[in-house]
Each structure stands twice: as structure tokens, then as C-alpha cells.
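Each chain, written out:
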Amino acid sequence: MLEKSLVVGEFHIDTSQNSLIHGSRKVYLGPLRTSLLHFLCKNVNTVVTREDLAQHVWGRLVTDHTINQHISQLRKSVGTLSLHGLNISTIPKRGYIARMEGLTVSENTVSPMAQGEIITNAITNMKVLIVEGSAEGRIQLIDQLEALNVSYVEGVATTLEAERSIALQDFDLIIVDALLPECSGIELIKSIRTGQTSASADISILNSHNDVQRELLGLNSLLDVQGLLLKPFESNRLKQMLMVASKSNVVLKPQAAYELVPTNVVATAELKIAVNS
């Protein structure tokens, strides 16, 4: 959730209603494109990179295609209000820029202390399910989450146990071990995104692994996973990922897009590494 509304020249980005207002006219943007426009306009007349947008708007790795799509839709929304004044331009090989001549920018700000309280409350109100094959890793995560005063934590070892827990409890976040046997952790994420479990399909998800693999990062993007936790787990990294997950809005792709995601690529990559070592 954005903490600030933003006024840029004659435009008002209303974060409470996820809308852009110009004079007496208003267009609904939705949560994600509101965040996107807000970040661009907060840095008005300054080039922001795709990496900046991925980090501050999505909170995770996303493809250039995804960013391009939302930028294109955002331009159309802005264009329905005014053909002049606010312009979103692509800067080849660099990123994007929200342009406005003679602008004035004002923010309905929240104090740094209040912002800290918002983040802390978001974390402490979380209900988290851990699906971790290693008993040691599971206990470590539970201890770290409890130290962060997370509202409710539950740890299970298998996807079958996870599905039972999901059916009995509404969770805000699921942390899934990508190393579960036969890629069952990735299969669980895919099942959630395709609506085959009792969890909300747009629930926030993190996964864990002992290495940063290109194949896993690609899967995270395809399955809209909010981030990767590396083993052994670090408390500071975990807190950062919780903050990202608490602020993320998962915008689901069509179900068919998730159904087409292959789930054995991580196992294949690990096999190649083992053979070459």
C-alpha cells in the first residue's frame, strides 16, 4: 500500500482510490499502475531504470515485457485525461522518464516514524506458512519469524501438509522450499497460482534455495513469486523480504500462462551442475 498521494502539476495521483485525476476528470489505474505512475512521478524529469521499477513497484524480478506492457497501458490512461502536460517516455537502453514542464510536486507525506510503524504493523499482522523440507531450516525460519513478532507462524515439511494447512487457515504469505523432492515446491506454487488449492491465487509467495540459479529466477518471474531467500537464512534478508511481500500487489496473469510453466527446470539445472562438478 502506498503511503503518499502525489500532486504533479495539474495531475493528482490518488493512492487511496488508485486513480489519476486531472481537473474534473478521473481515470482508474488499479493498484499496480498507480504504484508505477507514483514512482515515475516522484522522480519526475529523471530517468529511472527497469531495475528501479522492478525493485520499487513489483518488489521482485520481472521481465522487460511485463514492464513494457504496464507502461503502455499507463500511457493510454494518461492520454485519456490530457494530451499535453504529463508525458511518459522511453529512453532506449536506459529506462523511462515522466516528463513535465514547469512542474510543481507536492506530497501528502507520512513521517518517517509513521512509515516505520506502518511497515512494522504489516509484518506483525502477517500469518505465514513455511513449507521447508529441512527440519533445521524450518525451525530456524520459525524462530526468526517469531523474533519479528509475526502474528502466526506454521511450519510443515511436505506439500501435502501445506495443502491441509492452507485449507484450515488463511495465510498472508507462504515460504516454499524450492528443494523439495521432485520439484514439488515449484509444483505447489504453480497449483496455488492456478487455483488448485484453498489459498487465494494471488497470495504473496517467497521461495528458498541454497543458490541463485538463473532457472529459478526465471520461474519466480513466470509464477509471480515475490522473492528468493537464500539458505542458510539471514534475519535481515528475511525481514527485507517480508517488507517486500507486505507491500506487493500480485497482479495475476491469465491462468493458462501459469499452466504452461515447466516445473522441472530447477532439477535439470542441478543435475547439470552435479554432472559437471
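Provided above is the structure to which this section pertains.
Residues numbered from 1 in each chain as written. Predicted model: local features only at pLDDT ≥ 70, side-chain atom pairs only at ≥ 80, totals over all residues. Heavy atoms only, no water.

Draft legend 1. Layout of the overall build of the protein chain. When its secondary structure is counted, the protein chain shows eleven helices and twelve strands. Relative to its 277 residues, the protein chain shows a buried fraction of 44%. Look at the contacts in the protein chain between residues 6 or more apart in sequence, and 63% of them connect residues 24 or more apart. On the protein chain, roughly 14100 Å² of surface is accessible, and the fraction owed to carbon and sulfur atoms is 51%. (Helix = DSSP H or I, 4+ residues; strand = E, 2+ residues; numbered from the N terminus. Buried < 20%, exposed > 50% of the residue type's maximum accessible area, 1.4 Å probe, protein only. Contact = heavy atoms within 4.5 Å. Areas by Shrake-Rupley, 256 points an atom, 1.4 Å probe, with all protein chains shown as cover.)

Draft legend 2. Quick peek at the packing of aromatic side chains. Counting across every chain of the model gives one aromatic pair. Ring centres 6.1 Å apart and planes at 40° place the aromatic pair Tyr152 and Phe171 in the tilted group. Taken together, the residues Tyr152 in strand S9 (residues 152-156) and Phe171 in the loop between helix H6 (159-168) and strand S10 (173-177) connect sequence positions 19 residues apart. (Phe/Tyr/Trp six-rings, centres within 6.5 Å; stacked < 30°, edge-to-face > 60°.)

Draft legend 3. Up close: the sheet that holds S9. The strand order S9-S8-S10-S11-S12 describes an open sheet built from five strands, whose pairing is parallel. The open sheet has two edge strands with one neighbour each: S9 and strand S12 (227-230). When the angles between neighbouring strand axes are averaged without regard to direction, this sheet yields 20°. As defined by bridge partners, S10 adjoins strand S11 (residues 204-209) across five bridges and the pair is classed as parallel. (Pairing = 2+ DSSP bridges. Axes fitted to C-alpha atoms, helices over the stretch in contact; angles between N-to-C directions.)

Draft legend 4. Summary view of helix H8 (residues 214-222). Listing the buried residues of H8 in full gives Leu216, Leu219, Asn220 and Ser221. After H8 finishes, the residue Asp224 shows a positive phi value of roughly 55°.

Draft legend 5. Here's a closer look at the nonpolar core. With 30 residues, the main nonpolar core has Leu20, Leu37, Leu40 and Leu53 as its most contacted residues. If you list the elements that add at least two residues to this core, you get strand S1 (5-8), strand S2 (11-14), helix H1 (31-42), helix H2 (50-58), helix H3 (64-81) and strand S6 (95-99). Among the elements that take part in this core, H1 stands out by supplying six residues, more than any other. In this structure Leu53 touches Leu36, Phe39, Leu40, Val48, Trp58, Ile67 and Tyr96, once residues within four positions along its chain are discounted. (Core = buried A, V, L, I, M, F, W, Y, C linked by side-chain atoms within 4.5 Å.)

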